[in-house]
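This is what each chain is made of:
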Amino acid sequence: MIPADVLVGDLSSRGWTVRLYRCYSNSGLCMEVSLRRRIWRGCGTARILGEVDPPEYVDFLTAVQGYNPRSRRIMPSCMTRLIDQFKIDDWNFNSFYAYPIAMAMALLVKAYKEKIGAVDIITYVPSHPSELRRDKRSGEHRDHIKFLATLFQVFLSEFSCPVKSLLRKVEAVKMKNKTKEERFKLAERIYVLSKSSPSNIYGKRILLIDDITTSGATLRACAKVLKEAGAERVVAVVACKTK
């Protein structure tokens, strides 16, 4: 049981419960993830990564935890385990595991509300139409990040703002196994403004959602598009930052 005086917030849905609290060592934030009242796979005292250095054009960036790539994994973080269950492969995902991820991201926003500031629109890093994944639960083909952003908005009590598709991906290009320089060049080319009128973005404060950031190339490219369309401020929240 987490004492009330250290608890930042908690959320529950679909049998999942996520609690965010001040670590007992008084050095940062921790979270606990449970499924049907049992701690889920080493997620009992999971330290939060929190604020990280943002890429260019992003005004503020925060991540729930670090991500341990499979190639050098020893002790995967709680969020790494959840992401791996959520993103089964390049063709499938499991929406059931989006719930604790979205809840953790929403609680992180609560913890960093003052630094994030006011938000007018929530948007997300889009997939190319050919990259839609089949949901193992429903059988539908969906943009898994849009699904995550929609859940995030449902759990987010701090802001009553809509999720809008402000961006689109014009090429089905994977960043995996690309160098940092290649990632930045590709990202600049493949993300553009959607059919939304720039007038819908001008002067707006936008919160950008993604699951994992590595080099920051994708967040940078998306934020640049939004800023060039007139956005006043772009902040980003991700589930994981690759170590």
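It should be noted that the structure appears before, not after, this text.
Now for a description of the structure that goes with this document.

Thresholds applied
Residues numbered from 1 in each chain as written. Predicted model: local features only at pLDDT ≥ 70, side-chain atom pairs only at ≥ 80, totals over all residues. Heavy atoms only, no water. Pairing = 2+ DSSP bridges. Helix = DSSP H or I, 4+ residues; strand = E, 2+ residues; numbered from the N terminus. Axes fitted to C-alpha atoms, helices over the stretch in contact; angles between N-to-C directions. Contact = heavy atoms within 4.5 Å. Buried < 20%, exposed > 50% of the residue type's maximum accessible area, 1.4 Å probe, protein only. Core = buried A, V, L, I, M, F, W, Y, C linked by side-chain atoms within 4.5 Å. Expected span 1.5 Å × (residues − 1). Disulfide = S-S within 2.5 Å. Phe/Tyr/Trp six-rings, centres within 6.5 Å; stacked < 30°, edge-to-face > 60°.

Here the focus is the sheet that holds strand β6 (residues 50-52). The strand order across the open sheet formed by five strands is β6-β7-β15-β14-β9, and the pairing between neighbours is mixed. The open sheet has two free edges, formed respectively by β6 and β9 (121-124), since each of these has just one partner strand. Neighbour to neighbour, the strand axes of the sheet diverge by 30° on average, direction disregarded. Packing against the sheet, helix α2 (residues 98-111) makes contact with β7 (60-67), β14 (205-213) and β15 (233-242), and its axis sits at approximately 130° to β15.

For strand β3 (residues 29-35), a buried count of seven out of seven residues is recorded, marking the element as mostly surrounded by other parts of the structure. Residues of β3 alternate between two faces, with Leu-29, Met-31, Val-33 and Leu-35 on one and Cys-30, Glu-32 and Ser-34 on the opposite face, all of them buried. Relative to β3, strand β2 (residues 16-22) runs antiparallel, the two sharing seven bridges. Along β3, the bridge assignment pairs Arg-22 with Leu-29. The sheet contact formed by β3 and strand β4 (residues 38-39) spans two bridges and is antiparallel.

Formed by 57 residues in total, the largest nonpolar core has its most connected members in Trp-16, Met-31, Met-79, Ile-116, Phe-152 and Leu-207. Sorting elements by how many residues they give to this core places α2 first, with 11 residues. Those residues in contact with Trp-16, other than ones at most four positions away along the chain, are Leu-11, Val-33, Ser-34, Leu-35, Trp-40, Leu-82, Phe-96, Tyr-97, Tyr-99, Pro-100 and Met-103. One finds Val-58, Val-125, Ala-223 and Ala-236 within the second-largest nonpolar core, a separate group that totals 29 residues.

So, about helix α6 (residues 217-228). Here α6 is 12 residues long and its end C-alpha atoms lie 16 Å apart, about the 16 Å a rise of 1.5 Å per residue gives. Most of α6 sits inside the fold, with 10 of its 12 residues counted as buried. Gly-230 sits one or two residues past α6 and shows a positive phi near 110°.

Note that Lys-176 resides in the loop between β12 (167-169) and α5 (180-190). Note: C-alpha distance between Lys-176 and Pro-126 (50 residues apart in sequence) is 16 Å. Excluding residues that lie within four positions of it along the chain, Lys-176 makes contacts with Asp-90 and Arg-183.

According to the stated counting rule, one finds two disulfides in the structure shown. Two residues share a disulfide in this structure: Cys-23 and Cys-30, whose sulfurs sit 2.1 Å from each other. Between Cys-23 and Cys-30 the sulfur-sulfur dihedral comes to about 105°; the bridge is accordingly right-handed. When its relative accessible area of 5% is taken as the criterion, Cys-23 is described as buried. Between the sulfur atoms of Cys-43 and its disulfide mate Cys-78 the distance is 2.0 Å. Residues Cys-43 and Cys-78 are joined by a disulfide whose S-S torsion is about 105°; by sign, that bridge is right-handed. Placement of Cys-43 in the loop between β4 and β5 (46-47) and of Cys-78 in helix α1 (residues 78-86) is noted, with a sequence separation of 35 residues between them. Residues Cys-43 and Cys-78 agree in their burial class; the two are buried.

All chains considered together, the criterion is met by 10 aromatic pairs. Ring centres of Phe-96 and Tyr-97 lie 5.4 Å apart, and the angle between their planes is 80°; on these two criteria the pair is classed as edge-to-face. Of the two residues, Phe-96 and Tyr-97, neither departs from the other in class, the shared state being buried. Seen from their ring centres, Tyr-99 and Phe-155 are 6.4 Å apart, and the 70° between their planes marks the pair as edge-to-face. Taken together, the residues span a long stretch of sequence, with Tyr-99 in helix α2 and Phe-155 in helix α4 (residues 144-155) at a distance of 56 residues. The same class applies to Tyr-99 as to Phe-155, namely buried. Taken together, the aromatic side chains of Phe-86, Phe-93, Tyr-99, Phe-147 and Phe-155 make up a single cluster linked through ring pairs.

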